[in-house]
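For reference, the chains in residue letters:
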Amino acid sequence: MSDSALTPELIHATSLAAIVQSSEDAIISKNLDGVIQTWNSAAEHMFGYSAAEAIGQPIRLIIPDDRLEEERGILRQLRDGNRIEHFETIRITKDGRRLHISLTVSPIRDRNGRVVGASKIARDISQQKRDHEALEETQKRLAVTLQSIGDAVLATDREGRVTFLNTVAETLMRAGQQDIVGRSIVDVFNIQDETTGLALESPVEQVLRERRAVGMAHSTMLRRTDGTSIPIDDCAAPILGEQGELIGVVMVFRDVSAHRMAQRAASLLAEVVTSSNDAVVTKDLSGCVTSWNQAAEKIFGYTSAEMVGRSILAIIPTDRHAEEADILAKLARGERIDHYETVRQRKDGSLRQISVTISPLYDVDGRVVGASKIARDVTEQRRTQRALQETQERWKVTLRSIGDGVIVTDTSGRIAFANPVALELIQKTEGEVLGTPLAEVFAIAHETTKEAVENPVNRVLRDGGRVGLARHTVLLQPSGSEIPIDDSAAPIRSDDGQLLGVVLVFREIIERREAERQLTRWGQELEQRVAQRTNELVHSQKQLRALAAQLRTTEQRERRRLATDLHDYLAQLLALGRLKLTQIKHIAQVDSPRLEPMLLEAEQLLDQCLSYTRTLMAQLSPSVLHDLGLLAGLRWLAERMQEQGLMVEVRAADTQLPALEDSQADMVFQTVRELLMNVIKHAGVSRASVTVEMRSRSELRIVVQDEGRGFDVSVIDRVPAGTHFGLFSIQERMQTMSGWCRVESASGRGTRVELNVPLQSESSSVEPSTASVQLERHESGNTEGQGGERRRIILVDDHAMVRQGLRSILDTYRDLEVVAEASDGEEAVSLAARLRPAVMVMDINLPRLNGIEATRRVKARWPDTVVIGITVHRSPQTADAFLAAGGEALLSKEEAADDLYQLIMTFTRGKRPH
């Protein structure tokens, strides 16, 4: 055929045929019945069927039975004229192998635009799948290893922000990943001294500052998010990069109250999803684009109109132009370019990493006239792989940085990993231990008998659960030294529960073992001294009983006096200082850049002082006991016990109990508190009950009961010492009140303590108020201020300094007017009757008539009067009682500067000021 006979359509068809035959991707066409029409050489190579064997056969020839429904769906969409977006699936070869392939399906139309079939471009991605799964499995194994460690593990970056915590850490801290990860360690890891209660510096901060491993201080308590505290120990260590740079901190801690931690951590999953369409592009030997499909438009951002006739260099970065010249030279020689990865540039200038196959295009005479390219965007796939590799390396660095010895074995007990601390303790190098059975390098024995102790890894492999080392275990070093050690070994499991290996965490405890020995010696000495003193104490029992009764009375009186002094002077001064400081902040806005940090620091110091003062007041003599009575005080005590892990149910048939004399109420309250503390210390349970009932008009019965360990009651009568001295003391205390204490208990059957309290009449005398009304205004009508009528206010507080502070705040608002001040509840009710204010700001703790009762009387007679309560010590019981009396809201005194005005406006809005 002459060149003149080659029509443009024939040339175009020939070019497309060359693309199909030269492509390394399988290109197949089929009709709408799923019968194969064309089958290129790449399809022959991929699936093992020749074109003669495949053409005319149904496409089900290469589709597994479990994927036939997928093919039916594809045919339905093609009949509707829809394009099938790029997806991954499974196909089967002639010899029965299953291949992972990446597939693009497009409809084929006739000259009239009707869909008559479909074309498929398939690429074998089986190797990529295997590589990805292997990398993902390695990453999962490292994550599972950290999660499988029996201790709590928490890691931060070099800024002290939490990047990881395992399930054990979540359990101990009572918080989830979403509550902790990303936050500063200072905000989420609060520790304090067990004895003093003072806050301790986080070991992470010390590591970041000193760049060395540190251990936590002795007697360290972790305060958890639910308010409870647990004793913890161990260490934090720096995480160093390959160049020795500090990249974060890993901290390992454990609950030493039980010496056990449960729960295997769930795997830290890293899921990588990569998907892309294939771009099919042709160009001539000068690099000029001759065709550009829709996938190319999507990948590179250029339309076909923009690229056809334009140099392919438009999508090639400048530094890779030489690469294109080399490709064109090879194509001109008829060479095929195998799969390779490179970088291309989108229309918006961004760079994309792509996988390319390039094949030469031949004309009808067999001459190379251009090239075809099939390109796939693999940018996200490569980015994900890099992230997995970085995560894998980070897990390795984290394990190496843990301050305890860590050894990981496979399911046969051979060592797969050992961190530097472990290698130092077993006196081996990494090369000496990798692949070696653990038993050959980790020999342990009983400290006293020297008998060999079973390897904990063997126990885990045999039993499948986490185990701890036996007490008094020593590590036998090759040098002949014996090092006391402890902790645990745990199974490493995959997501489906399959055992992958064992992680062993251990540490030397020389200092702790010596401390235990010293404590034992001291205990023996103490027992001897107690025995010597017992005979002497028996002789003076009667004198001591009388003295103890007098001391208890004095103690309760002194507790009440100290609590009153704290409330009436120190707490009021601190609250007033807080109010003044808030006013200064509002006034000092002009110089705020310099002044604000200093004010904030002073504010925080005052808040700490207030908090500590309230705690002392509550410990000495809780205000709710004297303000609301014994029953409210016991319910308040139940809430405090919950913070220490004991759930207490308070039962009362009568919600209103007769008022007890203050000293008697204090003594009953302290007795119940001691009994509940005994439950926490000795019963071994987390629940108890307190039942209060009136047996007669003059007799109160209180029962404290638990279902715990119990004990032999007779020891109380024989020897009032040791752990039972408290019960002996309670019996003596009840006798001084002309009551009695009855204890019922037996080993394993719990304990029941019954208290009988004869009621004493409460003194009805009330000391007259020493303060008086400070200010009273009797304007005949409403005065006008900024924005209209002014709201008239009465301030009620028995401390003149507080009234002055509140007045100085309210006087700054022109729509408010303080018309009077009162120093006790009786005066407050009297002033409300005469002045009819819009608002009363009412202190809760007042002489003569407390603020709750005063509020109840005011609201009963004048319900439109808004009463806002203030107090130094705000408890839920006080707040409930105040709201039940009719008050609108209860504020702590330091909140008044920020919130009082807004509350007044909120509750009086829509009401006509009085």
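Within each chain, residues carry numbers counting from 1 in the order of the written sequence. It should be noted that, the model being predicted, local features are given only for residues of pLDDT at least 70 and side-chain atom pairs only at 80 or more, the latter also being counted only at that level, while totals for whole chains, interfaces and linings use all residues. For side-chain calculations, the full set of non-hydrogen atoms in the structure is used, while hydrogens and water are omitted.

### Structural notes on the overall build of the protein
We count it as follows: Under the DSSP-based scheme used, a helix requires at least four consecutive residues in state H or I and a strand at least two consecutive residues in state E, with every element numbered from the N terminus. Under the scheme applied here, a residue whose accessible area is under 20% of the maximum for its type counts as buried, over 50% as exposed, and between as partly exposed, the area being computed with a 1.4 Å probe on protein chains only. Residue contacts are counted whenever heavy atoms from the two residues lie within 4.5 Å of one another. For the accessible areas, the method is Shrake-Rupley and the probe is 1.4 Å, while residue cover comes only from the protein chains on display.
Secondary structure summary: the protein contains 30 helices and 36 strands in total. The buried share of the protein, taken over its 914 residues, is 46%. Within the protein, residue pairs in contact and separated by at least 24 positions form 59% of the contacts whose partners lie at least 6 positions apart. Carbon and sulfur atoms make up 50% of the accessible area of the protein, which totals about 45,200 Å².

### Digging into the nonpolar core
The tendency in soluble globular proteins is for nonpolar side chains to be buried side by side. Worth spelling out the cut-off: Here, nonpolar core means buried Ala, Val, Leu, Ile, Met, Phe, Trp, Tyr and Cys residues that are tied together by side-chain atoms lying within 4.5 Å of each other.
The biggest cluster of nonpolar side chains holds 40 residues, and the ones touching the most others in it are Leu630, Val648, Val672, Leu676, Val690, Ile702 and Leu755. Here this core takes 9 residues from helix α23 (residues 662-683), the largest share from any one element. Setting aside residues no more than four positions away along its own chain, Leu676 makes contact with Leu637, Met641, Leu646, Val648, Ala688, Val690 and Val704.

### What about empty space enclosed by the protein?
This is how the line gets drawn: Think of a 1 Å grid over just the protein atoms. A cavity is a set of points where a 1.4 Å probe fits yet cannot get out, a pocket is an open set with protein on both sides within 12 Å along at least five of seven lines, and lining residues have an atom within 4 Å of a point. Grid points are joined across faces, edges and corners, and a volume is the space filled by probe spheres set on the points. In this count, Pro and Cys sit with the nonpolar residues alongside Ala, Val, Leu, Ile, Met, Phe, Trp and Tyr, while Asp, Glu, Lys and Arg are called charged and the others, Gly among them, polar.
Applying the stated criterion across every chain yields a total of 2 cavities of 30 Å³ or more. Taken together, Val281, Phe300, Ile312, Ile315, Arg344, Ile354, Val356, Lys373 and Ala375 form the lining of the largest cavity. Elements that contribute at least two residues to the lining of the largest cavity include exactly β16 (351-362) and β17 (368-377). Counted by class, the lining of the largest cavity contains 7 nonpolar, no polar and 2 charged residues. What the second largest cavity holds in volume is close to 40 Å³. Residue lining of the second largest cavity: Ile28, Phe47, Ile62, Arg91, Ile101, Leu103, Lys120 and Ala122, and that is the complete set. Elements supplying a minimum of two residues to the lining of the second largest cavity: β4 (98-109) and β5 (115-124). Residue composition of the lining of the second largest cavity, by class: 6 nonpolar, no polar and 2 charged.

### Some details on the sheet that holds strand β3 (residues 84-92)
Which entries qualify depends on this criterion: Criterion used throughout: strands pair if DSSP finds at least two bridges between them. For every element, the axis is a line fit to its C-alpha atoms; helices are fit only across the contacting stretch, and the angle between N-to-C directions ranges from 0 to 180 degrees.
The strand order across the open sheet built from 5 strands is β2-β1-β5-β4-β3, with neighbouring strands paired in antiparallel fashion. Either end of the sheet is taken by a strand with one partner, and the two such strands are β2 (36-39) and β3. When the angles between neighbouring strand axes are averaged without regard to direction, this sheet yields 30 degrees. Across 3 bridges, the pairing between strand β1 (residues 26-31) and β2 is antiparallel. Bridge assignment links Lys30 to a residue of β2, and that residue is Ile36. Here helix α4 (residues 68-79) sits on the sheet in contact with β1, β3, β4 and β5, set at roughly 150 degrees to β3.

### Some words on the sheet that holds strand β36 (residues 889-892)
Spatially, the 5 strands line up as an open sheet ordered β33-β32-β34-β35-β36, and their pairing is parallel. The sheet terminates laterally at β33 (816-822) and β36, the two strands that pair on one side only. Pairs of neighbouring strands in the sheet enclose a mean axial angle of 25 degrees, with direction left out of account. Inspection of the sheet shows strand β32 (residues 791-796) paired to β33 by 6 bridges, in the parallel sense. Across the sheet, residue Val796 finds its bridge partner in β33, namely Ala822. Its contacts with the sheet put helix α28 (residues 851-861) on β34 (839-843) and β35 (866-871), and the angle it makes with β34 is roughly 160 degrees. Along the sheet, helix α29 (residues 876-884) makes contact with β35 and β36, crossing β36 at roughly 145 degrees.

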